[in-house]
Amino acid sequence: MSEQTARNKIIIGNWKMKRSLSESVKAAKEFAEKFKGFEFDKKEVVICPGLVSLTIVKKALGDSEIQMGAQDVFWESSGSYTGEVSPRCLEEAGCTYVIVGHSERRKYLLENYAMIHQEAKAVLNTSMIPIVCIGEEAEDRKTDKRDFVLMNQVQQALGGVDLVGDQQAIVAYEPVWAIGSGTAIEPEEATYAHKIIKLALNDLFGMKVAKNNIRVIYGGSVTNKNIKKFANLEGVDGLLIGGASLEADEFYKICKAV
Ligand code: PGA
């Protein structure tokens, strides 16, 4: 199995709220079959199914080296928080990763960076790895505020967070205007944004920890058709894939290309 090291590329599929339980189980079995023989020693592959299907998806994946992540988490370890799910439950369900602060949650559930900060810290209190989502809105980009917005989001989400030993985090750069739009960012712009994010991480964590413990990945309308543009981009340590992660065949092609 690919070790969880920040040197490995990672491809993460976010199934969002797009599958029923039976569809999730069926897909997980297809994924496990399709990825037999995949070079997991060089790349990590993760799927993030809906919350209620986590345990049955884990079972359906069987002994596959595909890992599982959750799409969200609450920041307390237990208590009177109706409707929420604790990091410990996700860990027990078999998750190794947790997405925090996806822009759809920022938009529809009004999550803010104070919450995202707490969620990332809560995940780091377990054996799981947080995937912290950041990214500018179309308006920020149009008005030349992108660099400031990205640095500010990194600071708000991860300022004061410690990564101890070989503990890891992932920052997913997902420009909000590119998610689900069919229009991915141009590779040069992605490289530039990743540089800005890495500089902000250097400031917060120091160069050594930023380099060895944190991967910065891109997400937003990556598909099998445009994967060539992103597969080997400088400074891009992996991808977060939404729509194109739903079908085993397409996701496999993307993972192979990286
Ligand atoms: P998309 O979604 O690939 O469908 O644009 C990416 C995401 O929301 O993580």
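Notes on the structure follow.

The rules behind the values
Residues numbered from 1 in each chain as written. Predicted model: local features only at pLDDT ≥ 70, side-chain atom pairs only at ≥ 80, totals over all residues. Heavy atoms only, no water. Helix = DSSP H or I, 4+ residues; strand = E, 2+ residues; numbered from the N terminus. Expected span 1.5 Å × (residues − 1). Contact = heavy atoms within 4.5 Å. Polar contact = N/O pair within 3.5 Å; in protein donor to acceptor, adjacent residues only side chain to side chain. Buried < 20%, exposed > 50% of the residue type's maximum accessible area, 1.4 Å probe, protein only. Pairing = 2+ DSSP bridges. Core = buried A, V, L, I, M, F, W, Y, C linked by side-chain atoms within 4.5 Å. Near = heavy atom within 4 Å. Areas by Shrake-Rupley, 256 points an atom, 1.4 Å probe, with all protein chains shown as cover. Nonpolar A, V, L, I, M, F, W, Y, C, P; charged D, E, K, R; others polar. Salt bridge = Lys/Arg side-chain N within 4 Å of Asp/Glu carboxyl O. Axes fitted to C-alpha atoms, helices over the stretch in contact; angles between N-to-C directions.

Attention now goes to helix α5 (residues 113-124). With 12 residues, α5 should cover 16 Å at 1.5 Å per step; its first-to-last C-alpha distance of 16 Å lies within 8% of that length. Packed against the buried residues of α5 are α3 (87-93), β4 (97-100), α4 (103-108), β5 (129-134) and α7 (146-158). Its side-chain oxygen placed 3.0 Å from the backbone nitrogen of Ala 114, Asn 112 serves as the N-cap of α5.

This part covers the pairing of β5. For a regular strand, side-chain orientation follows a simple rule: the groups alternate between the two sheet faces. Counting buried residues along β5, six of its six residues qualify, which places the element largely inside the surrounding structure. Of the pairings in the sheet, the one linking β4 to β5 comprises four bridges and is parallel in character. Its bridge partner being in β5, Ile 99 is matched across the sheet by Ile 131. Pairing geometry for β5 and strand β6 (residues 169-173), over four bridges, is parallel. Across the sheet, Cys 133 pairs through a bridge with Ala 172, a residue of β6.

Turning to the nonpolar core, a few remarks are in order. One finds Phe 35, Leu 201 and Tyr 218 to be the most contacted residues of the largest nonpolar core, which totals 73 residues. With seven residues, helix α8 (residues 187-205) is the single largest residue contributor to this core. Contacts of Leu 201, omitting those with residues within four sequence positions, involve Val 154, Leu 158, Val 171, Gly 206, Ala 210, Ile 214 and Val 216. The next biggest cluster of nonpolar side chains, apart from the first, holds 13 residues, and it includes Cys 48, Tyr 97, Ile 131 and Ile 217.

So, on to α8. For α8, with 19 residues, the first-to-last C-alpha span of 26 Å sits near the 27 Å given by 1.5 Å per residue. Taken together, the buried positions of α8 are occupied by Pro 187, Glu 189, Ala 190, Thr 191, Ala 193, His 194, Ile 196, Ile 197, Ala 200, Leu 201 and Phe 205. Gly 206 occupies a position one or two residues after α8 and carries a positive phi of about 85 degrees.

Turning next to the site of the ligand. Among the 13 residues in the neighbourhood of the ligand, the closest are listed as Lys 16, His 102, Glu 174, Gly 180 and Ser 221. In the model, an oxygen atom of the ligand is placed 2.7 Å from a nitrogen or oxygen of the Lys 16 side chain. At 2.6 Å, a backbone N or O of Gly 180 approaches an oxygen atom of the ligand. Surface burial for the ligand is 96%, taken as the share of its 280 Å² of free accessible area covered by protein chains. Looking at the shell around the ligand residue by residue, the classes come out as four nonpolar, seven polar and two charged.

Taken as a whole and judged by the stated rule, the model has 14 salt bridges. The closest approach of N and O atoms between Arg 215 and Glu 44, which form a salt bridge, is 3.1 Å. Here Arg 215 is found in strand β7 (residues 214-219), whereas its partner Glu 44 is found in strand β2 (residues 43-48), with 171 residues between them in sequence. The two residues Arg 215 and Glu 44 agree in class, both being buried. A cluster of three or more residues bridged by salt bridges with shared partners is formed by Arg 141, Arg 146, Asp 147 and Glu 189.

Taken in spatial order, the eight strands close into a barrel running β1-β2-β3-β4-β5-β6-β7-β8, and their pairing is parallel. Pairs of neighbouring strands in the sheet enclose a mean axial angle of 25 degrees, with direction left out of account. Relative to strand β8 (residues 238-241), β7 is paired through two bridges, and the arrangement is parallel. Residue pairing in the sheet places Tyr 218 in a bridge with Leu 239 of β8. Contacting β2 and β3 (67-70), helix α2 (residues 54-61) crosses the sheet at an angle of about 170 degrees to β3.

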